[in-house]
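Close look at the chain arrangement
Okay, here's what each chain looks like letter by letter:
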There are 2 protein chains.
Amino acid sequence: MNTETSISTEEAILVAARKVFESKGFDGARMQEISDRAGINRALLHYYFRSKDKMFERIFDEALERFMPLLSTWDQDPDESWELKLKRFIRTFITFLKANSMLFLLREIIRKPDLLTSRTKKYRKGLNKFVLYFERLKQEGQIRSDVDSKHIYIIMHSLCSFPLMNAIVFSYSLRISTKEYDELMAGYPEIVSNLLIQMLKHQNNWTSK
Amino acid sequence: MNTETSISTEEAILVAARKVFESKGFDGARMQEISDRAGINRALLHYYFRSKDKMFERIFDEALERFMPLLSTWDQDPDESWELKLKRFIRTFITFLKANSMLFLLREIIRKPDLLTSRTKKYRKGLNKFVLYFERLKQEGQIRSDVDSKHIYIIMHSLCSFPLMNAIVFSYSLRISTKEYDELMAGYPEIVSNLLIQMLKHQNNWTSK
DNA sequence: TTTACTTTTAACAAGATTGTTAAAACACTA
DNA sequence: TAGTGTTTTAACAATCTTGTTAAAAGTAAA
């Protein structure tokens, strides 16, 4: 077997498939477009990956493999304060999201919710580390106790994910170019961190109507 | 022309098309599935709407027509305080999003960005009412001046939209049922309102690192 | 060079999908 | 009821899409 050649061909296919699946989605993706982009004959896609479904699963799993460990890297350093943890996490999370489309995962999960339950089992345990961590902080009196840790989780993820997923619409609504939007978002991680920290510190004037 | 019959048929088709396009997306939608769901012959779809593209545009435009005016209803009552405005807006916005999938619009805009520029022109002017309103509040000293109105816009929309768009993933991550997630989200509009109001009121200890 | 194996291609097959059309069914009025 | 126009259907046509296959091209070792 000519490993040299086959790896580079396989890699070229994966690069092309990633691009096409991420921009068009499974249903909009065409095997022809993938092979064109990879510069090879369409039959080779089947030679290497058998079917469109199998190829898609490979791409989907690789995207999960990049994404999920990020969510689990929460309480690595036990000495780090929760404020620093939050800042560091938000910064790395947003940086990651700039390079990796989360919309791809979400879109395909909506299309086929089975993908979530069948292919993320091994990551699921790490997911509620975050909630457990903030529950502990509450018990220790380090943060306000009148806020649900699940809400913190939801708020943090919404603030990090949506502005990047929705960049096209936001820049259009705000009447600025995508370049200007990028510049606007340069200081965004700091803002999110500070917003969350302020929210979690102040016990009072919160649930007041 | 039998108006009675044709309107109900057309309406049945639209209901079915809305359902199928929203859950499967344009590329995943099948004319056969739409006609099955509407309980009519597939050729009738073409009789009423000519083509799949035309039918989709109709559904897309109707979704825009429901969605965009909501964004423009900001400064209706000039006597209302900005805090109340915010609370009212967030409440109605989230209520609306529970019934109308925003993911549909976003997904199709990503697929074909042209949809945004070509079909939303008439709404675009209303979009930056929000930003202009908060710029004015800043000048009048009613809210802190060290925060970008565009960021407020982005934060508010992210907090309102994403938790509903991403409900499946969030409920999975948080290890709760969708029913429990709904219950969790019952108090969410209040939380978002208060978070934003607190953020906008307090001049200090904000941009501090 | 021959041989054995891997990689690549062109051509084909099967089925899915959109769109058309001619005729049937229907509804309403004279 | 006959006539006119509208609505609906079954059957068909054209194209697109995935997947298969047999043969060609390439590679490396004996």
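Just so it is clear, the model here is predicted, and its values are computed rather than measured.

Least-squares fitting of chain B to chain A yields an RMSD of 0.1 Å, with the superposition described by an axial translation of 0.0 Å and a rotation of 180°. Both copies of the chain, as the preceding transformation shows, are related through a two-fold rotation axis. When the interface residues of chain B are mapped onto chain A, 100% of them again fall at the interface, so both copies present the same face.

The next point concerns the domain arrangement of chain A. Residue and element names in this part refer to chain A. Here chain A is described as being made up of domain 1 (1-50) and domain 2 (57-201). Computed over C-alpha atoms, the centres of domain 1 and domain 2 are 31 Å apart. The interface is formed by 12 residues belonging to domain 1 together with 8 residues belonging to domain 2. Contact between domain 1 and domain 2 buries roughly 870 Å² in total, counting both sides, with carbon and sulfur atoms accounting for 55%. On the domain 1 side of the interface with domain 2, the three residues burying the most area are Leu 14, Arg 18 and Glu 22, jointly 52% of the side's total. Residue Glu 62 is joined to Arg 18 by a salt bridge in which the shortest nitrogen-to-oxygen separation is 2.8 Å. Per element, the largest residue contribution to the side of domain 1 that touches domain 2 is 11 residues, and it comes from helix H1 (residues 3-28).

Moving on, we come to the interface of chain B and chain A. With 57 residues of chain B at the contact, the number on the chain A side is 57 residues. For the pairing of chain B and chain A, the buried interface totals around 5700 Å² over both sides, and the portion due to carbon and sulfur atoms is 73%. One can count 0 salt bridges joining chain B with chain A. Between the two partners, chain B and chain A, sit 6 residue pairs in polar contact (both at pLDDT 80 or more). Taken together, the elements giving at least two residues each to the side of chain B that touches chain A come down to helix H1 (3-28), helix H6 (102-111), helix H7 (114-119), helix H8 (121-127), helix H10 (149-165), helix H11 (167-173), helix H12 (178-184) and helix H13 (188-201) of chain B. No other element matches the 12 residues that H10 of chain B contributes to the side of chain B that touches chain A. The class makeup of the residues in the side of chain B that touches chain A is 29 nonpolar, 16 polar and 12 charged.

Residue and element names in this part refer to chain B. All chains considered together, the criterion is met by 39 aromatic pairs over all chains. Each ring, one from Phe 26 and one from Phe 56, has its centre 5.1 Å from the other, and the planes form 70°; the classification is edge-to-face. Taken as a pair, Phe 26 in helix H1 and Phe 56 in helix H4 (residues 52-72) lie far apart in primary sequence, 30 residues in all. The exposure class of Phe 26 is buried, given its relative accessible area of 11%. Taking relative accessible area as the criterion, Phe 56 reaches 3% and is therefore assigned buried. Ring plane angle 35° and centroid distance 5.8 Å describe the contact between Phe 56 and Phe 60, whose orientation is recorded as tilted. With Phe 56 and Phe 60 both in helix H4, this residue pair falls 4 residues apart, about one helical turn. Both residues of the pair, Phe 56 and Phe 60, count as buried.

The next subject is the environment of Val 15 of chain A. All names here are of chain A. The residue Val 15 is located in helix H1 in this model. With a relative accessible area of 46%, Val 15 lands in the partly exposed category. Separated by 23 residues in the primary sequence, Val 15 and Ala 38 have C-alpha atoms spaced 7.7 Å apart.

Take the nonpolar core next. Counting 148 residues, the largest nonpolar core has Phe 21, Leu 86 and Phe 134 of chain A together with Phe 21, Leu 86 and Phe 134 of chain B as the members making the most contacts within it. Each residue touching Phe 21 of chain A, except ones within four places of it in the same chain, is listed here: Phe 26, Ala 29, Ile 34, Lys 52, Met 55, Phe 56, Ile 59, Phe 104 and Arg 107 of chain A.

Glancing now at the packing of helix H4 (residues 52-72) of chain A against helix H6 (residues 102-111) of chain A. Residues and elements named next belong to chain A. Between H4 and H6, whose axes approach to 10 Å, the crossing angle comes to 125°. Here H4 lies oblique to H6, going by the angle between them. In the packing of H4 onto H6, the handedness of the crossing is left-handed. Where H4 abuts H6, its residues Phe 56, Ile 59, Phe 60, Ala 63, Leu 64 and Phe 67 lie against Met 102, Phe 104, Leu 105, Glu 108, Ile 109 and Arg 111. Residue classes in the contact of H4 with H6 are distributed as 10 nonpolar, no polar and 2 charged.

Thresholds, definitions, all that
- Residues numbered from 1 in each chain as written.
- Chains lettered and ligands numbered in written order.
- Predicted model: local features only at pLDDT ≥ 70, side-chain atom pairs only at ≥ 80, totals over all residues.
- Heavy atoms only, no water.
- Least-squares fit on C-alpha atoms with pLDDT ≥ 70 in both.
- Contact = heavy atoms within 4.5 Å.
- Domains from an automatic or database assignment.
- Buried area = accessible area lost by both parts, 1.4 Å probe.
- Salt bridge = Lys/Arg side-chain N within 4 Å of Asp/Glu carboxyl O.
- Helix = DSSP H or I, 4+ residues; strand = E, 2+ residues; numbered from the N terminus.
- Polar contact = N/O pair within 3.5 Å; in protein donor to acceptor, adjacent residues only side chain to side chain.
- Nonpolar A, V, L, I, M, F, W, Y, C, P; charged D, E, K, R; others polar.
- Phe/Tyr/Trp six-rings, centres within 6.5 Å; stacked < 30°, edge-to-face > 60°.
- Buried < 20%, exposed > 50% of the residue type's maximum accessible area, 1.4 Å probe, protein only.
- Core = buried A, V, L, I, M, F, W, Y, C linked by side-chain atoms within 4.5 Å.
- Axes fitted to C-alpha atoms, helices over the stretch in contact; angles between N-to-C directions.
- Parallel < 35°, antiparallel > 145°, perpendicular 65-115°, else oblique.
- Left-handed = near helix turned anticlockwise from the far one by under 90°.

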